[in-house]
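# Fold and contact review
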Amino acid sequence: MEMKIGVLYNTQNYEQFNYIDVNRDISKTHVLQLATKIRKKNLLHLSPMIVNGNMDVFDGQHRLGAAQMLNTPIYYLFDPDITHEDIITLNSTSNSWKPLDYLKYYTTKKIPSYIKLSGFLKNNPKLAIDTSLWLMAPVDWRNNLLQNFKAGLINISNYDHAADVASVLMTLCQIPGVSKRMVYKFEFIYAISATKMQGVFNMDKLTRKIEQENTLFMVCETQNDYLQLLKLTFGM
């Protein structure tokens, strides 16, 4: 069948469609949630998938899974010129992608900085993506971090600094009684990073201070609170 742009097609031949590696991972939970909504009221015709000439699914893979689960027709639009890069545009306008989806996309596209970031996050799962980007970026790159990240533009020239701070955080988590929630607060991380950058950070002094007066760190709220406490700890 010769398909035309702008024509709404439907089918129950689900096997003819292909999933794309660079697209976000399939969430079984999301598929089940969609199936529940479709059972109540089927509006799939108002939200068709988008496919190319190879029947690769560029948008709507979860809808496809839900339709197949319910054995109901899936609707789709055809565009022979759509590319992998268009996946970002499609999903950013609908706000359906999360930061990890963008990370997977650019990592699969083999962009070196994203591959390195992906490895860093794998080794430091308690660090949020935005915090990791902030640690890795030079100061003049710290505005609009997530927006640039979604667009495929990140600067990780301070990667070694981020790895150094991450190592400190993991070490602190080994101290008995230390709250991991406190250690991975951005405000605390900011203070660790700042004192590292200033060349005044002292791991031995910080460890002794936390072991002796752990509650002091628990009552801090702002970046400046933590920074001033660290400076006092380091004798500044």
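To be clear, the structure that these remarks concern was listed above.
Counted at 1.5 Å a residue, the expected span for helix α1 (residues 28-40) with its 13 residues is 18 Å, and the 19 Å between its end C-alpha atoms agrees. Turning to α1, its buried residues are V31, L34, A35 and I38. Burial along α1 is one-sided: seen end-on, the buried residues are contained in an arc of 105 degrees. In α1, the exposed positions that point more than 90 degrees away from the buried face belong to T29, K37 and K40. Buried residues along α1 sit against α2 (61-70).

Here the focus is the sheet that holds strand β4 (residues 74-78). Strand pairing in a sheet relies on backbone hydrogen bonds. The paired strands run either parallel or antiparallel. Spatially, β1-β4-β2-β3 is the arrangement adopted by the four strands of the open sheet, whose pairing is mixed. The open sheet terminates on both sides in strands that have one partner only, identified here as β1 (9-11) and β3 (57-59). Direction aside, neighbouring strands of the sheet carry axes that sit 45 degrees apart on average. Sheet topology note: the strand β2 (residues 49-51)/β3 ladder contains two bridges and is antiparallel. For V51, the partnering residue across the bridge sits in β3 and is V57. The strands touched by α2 within the sheet are β2, β3 and β4, with β3 carrying the most contacts at an inclination of about 115 degrees.

Along the chain, D59 falls in strand β3. Engagement of the side chain of D59 in a polar contact is seen with the side chain of R63, the distance being 3.2 Å.

Its 13 residues place the ends of helix α10 (residues 186-198) 18 Å apart at the C-alpha level, agreeing with the 18 Å of an ideal helix rising 1.5 Å per residue. Buried within α10 we find F188, I189, A191, I192, S193, A194 and T195. Of the surrounding secondary structure, the elements contacted by the buried residues of α10 are α6 (129-136), α8 (159-172), α9 (180-183), α11 (203-212), α12 (214-218) and α13 (223-233). Phi turns positive, to about 75 degrees, at G199, one or two residues after α10.

Attention now moves to the environment of L169. Within the element layout of this structure, L169 appears in helix α8. Judged by its relative accessible area of 0%, L169 is buried. Counting along the chain gives 19 residues from L169 to F188, while the straight-line C-alpha distance between them is 9.7 Å. With sequence-adjacent residues up to four places away left out, L169 is seen in contact with L127, V183, Y184, F188 and I189.

Counting residues in each nonpolar core, the largest one holds 55 residues, and the members touching the most others are F149, L206 and F217. Considering every element that reaches this core, the biggest residue donor is α8, with seven residues. Residues within four places of L206 in sequence aside, it is in contact with L172, I192, F201, F217, L230, T233 and F234. By size, the runner-up hydrophobic cluster in this structure holds 19 residues, among which are M3, V31, L34 and A66.

Because side chains alternate across β4, one face comprises the buried residues I74, Y76 and F78, and the other comprises Y75 and L77, none of which is buried. Taken together, the three bridges between β2 and β4 define a ladder with parallel strand orientation. Counted as the bridge partner of M49 is Y76 from β4.

Turning to the environment of Q61, a few remarks are in order. By the secondary structure assignment, Q61 is in helix α2. By relative accessible area, which is 5% here, Q61 ends up buried. Among all residues touching Q61, those that are not within four sequence positions of it are Y19, N23, R24, D25 and I26.

Definitions and limits used
Residues numbered from 1 in each chain as written. Predicted model: local features only at pLDDT ≥ 70, side-chain atom pairs only at ≥ 80, totals over all residues. Heavy atoms only, no water. Helix = DSSP H or I, 4+ residues; strand = E, 2+ residues; numbered from the N terminus. Expected span 1.5 Å × (residues − 1). Buried < 20%, exposed > 50% of the residue type's maximum accessible area, 1.4 Å probe, protein only. Arc of directions from axis to C-beta. Contact = heavy atoms within 4.5 Å. Pairing = 2+ DSSP bridges. Axes fitted to C-alpha atoms, helices over the stretch in contact; angles between N-to-C directions. Polar contact = N/O pair within 3.5 Å; in protein donor to acceptor, adjacent residues only side chain to side chain. Core = buried A, V, L, I, M, F, W, Y, C linked by side-chain atoms within 4.5 Å.

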